[in-house]
Amino acid sequence: MTALKLVQILLALLLAPLLLGVINRTKAWFAGRCGAPAVQPYYDLARLLRKGAVYSRTTSWLFRAGPTVGLGAVLAAATLVPLGQGGALLAFPGDFVLILYLLGLARLFTVLAALDTGSSFEGMGASREVTFAAVAEPVLFLALLAVARAGGALSLSGMYANLSATSWRQAGLGLGLAAAALAVVTLVENCRVPADDPNTHLELTMIHEVMVLDHSGPDLAFILYGAALKLWLFASLVVRLPAAALPLDPWAGLAAHVLGVLVAGVGIGVVESIMARHRLLRVPHLLIGAGTLAVLALVLSWS
């Protein structure tokens, strides 16, 4: 099982940029364009790693530490998320709370790096980021708590490992609501439509992209790779819920998990192709709706 855990985290580290490529290819297909190849994110990362970083005289060590600490926190979270049937590389009761703190640490240093530039433009994006995070994090916690109740464990690996087809027959409605809440949080936490548009360049609508405008070279590569890995982790949390009903052996389950995450990427591309980005004032309403689903899932899990 140790070999399986190592393989699944290596696959996540290697294939995370491919998930972004799948999303972009799906959006290109809907727009009737040829689009960039699915492996384009790998070329972009390699190009950025070969370049040098430019630092403003007004920035301090916080600006330099932001990308490194952010990537390190996401990598640490990856060791706690079950990325296949074999469970996570590290697991202990309450580890899903630590994941929330690690992701919050990554966001904190990204926001601090944006504020350290002294730019009011980046400060605006940082303000929007923490505003949405204040609503998204409780929704994520409640959804995972509902899954923990259904799985009968306080460890992510344990709660997902205990789920089965029987669990879905007994608590299918609650698990479905938790999956829907996790799907909404996945879009918001990863700055995807309808909460944010990763391809926009309009000053009044940018959120995450505006916070990293001053980063360049390897620092920007760390940010982009960390964002891709974070998306893979959230997609894994969503995909593992319905996959629990499939009676597969661990290695076949890992293959199905990887395929499921890539299919989730296609789904995200479809969502971003058929709907527009919400107004900023409507994003909290979307999260409140997801929070309602999470609360209902938690209530049903106790009934």
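Structure shown above.
Below you will find a few notes about this structure. (Residues numbered from 1 in each chain as written. Predicted model: local features only at pLDDT ≥ 70, side-chain atom pairs only at ≥ 80, totals over all residues. Heavy atoms only, no water.)

## As for the overall build of the protein
Under the convention used in this document: Only DSSP runs of H or I with at least four residues qualify as helices, and only runs of E with at least two residues qualify as strands; both kinds are numbered from the N terminus onward. Computation of the radius of gyration draws on C-alpha atoms alone. For the globule rule, the value is 2.2 Å times the number of residues to the power 0.38. It only takes one pair of heavy atoms within 4.5 Å for two residues to be counted as in contact. Charge counting follows a simple rule: Lys and Arg are positive, Asp and Glu are negative, and His as well as the terminal groups are ignored. A charge is said to be at NZ when it belongs to Lys, at CZ for Arg, at CG for Asp and at CD for Glu.
Along the backbone of the protein there are eleven helices and zero strands. In the protein, the order of α-helices and β-strands from amino to carboxyl end is α-α-α-α-α-α-α-α-α-α-α. Radius of gyration (C-alpha) of the protein: 19 Å, near the 19 Å computed for a compact globule of 303 residues. When the backbone C-alpha atoms are referred to their principal axes, the protein occupies close to 60 × 45 × 40 Å. Taking the intrachain contacts of the protein between residues at least 6 apart in sequence as the baseline, contacts between residues at least 24 apart amount to 81%. Of the charged side chains in the protein, 19 are positive and 15 negative, and the gap between their average positions amounts to 5 Å.

## Considering empty space enclosed by the protein
Here is the rule we go by: Computed over the protein atoms alone on a 1 Å grid, cavities are sets of points where a 1.4 Å probe fits but cannot get out and pockets are open sets with protein on both sides within 12 Å along at least five of seven lines; a residue lines them when it has an atom within 4 Å of a point. Grid points are joined across faces, edges and corners, and a volume is the space filled by probe spheres set on the points. Charged residues are taken to be Asp, Glu, Lys and Arg, nonpolar residues to be Ala, Val, Leu, Ile, Met, Phe, Trp, Tyr, Cys and Pro, and polar residues to be all remaining types, Gly included.
According to the stated counting rule, one finds three cavities of 30 Å³ or more in the structure shown. The computed volume of the largest cavity comes to approximately 100 Å³. Together, Arg107, Glu129, Phe132, Ala133, Ala136, Val188, Glu189, Cys191, Ala195, Asp196 and Ile207 line the largest cavity. Where the lining of the largest cavity is concerned, the elements lending two or more residues are helix 5 (120-151) and helix 7 (165-189). With four residues, the top contributor of residues to the lining of the largest cavity is helix 5. For the lining of the largest cavity, the residue count by class is seven nonpolar, no polar and four charged. Of the voids in this model, the second largest cavity is the one considered here, and its volume is about 60 Å³. Lining the second largest cavity are Ala77, Val81, Ile99, Leu103, Leu140, Leu144, Leu233, Phe234 and Leu237. Put simply, the parts of the chain that give the lining of the second largest cavity at least two residues each are helix 4 (95-116), helix 5 and helix 9 (217-243).

## Let's talk about the side chain of arginine 192
Short version of the rule: Under the scheme applied here, a residue whose accessible area is under 20% of the maximum for its type counts as buried, over 50% as exposed, and between as partly exposed, the area being computed with a 1.4 Å probe on protein chains only.
Structurally, arginine 192 is set in the loop between helix 7 and helix 8 (208-211). On the basis of relative accessibility, which here comes to 7%, the residue arginine 192 falls in the buried class.

## Digging into the pattern of salt bridges
Stated formally: The rule for a salt bridge is simple: a side-chain nitrogen of Lys or Arg has to be within 4 Å of a carboxyl oxygen of Asp or Glu.
Counting across every chain of the model gives eight salt bridges. For arginine 107, the salt bridge identified is with glutamate 129, shortest N-O distance 3.3 Å. Taken as a pair, arginine 107 in helix 4 and glutamate 129 in helix 5 lie far apart in primary sequence, 22 residues in all. Summarising the burial analysis for this pair, arginine 107 and glutamate 129 share the class buried.

## A closer look at helix 10 (residues 250-274)
Put simply, the rule is: A helix is expected to reach a length of 1.5 Å times the quantity of its residues less one. Under this definition, polar contacts are N or O atom pairs within 3.5 Å; protein pairs additionally need one hydrogen-donor-capable and one acceptor-capable atom, and for neighbouring residues in sequence, both atoms have to be side-chain atoms.
The first and last C-alpha atoms of helix 10 sit 36 Å apart over 25 residues, in line with the 36 Å expected at 1.5 Å per residue. The inward-facing, buried residues of helix 10 contact helix 1 (2-30), helix 7 and helix 9. Among the residues of helix 10, the N-terminal cap falls to aspartate 249, whose side-chain oxygen and the backbone nitrogen of tryptophan 251 are separated by 3.1 Å.

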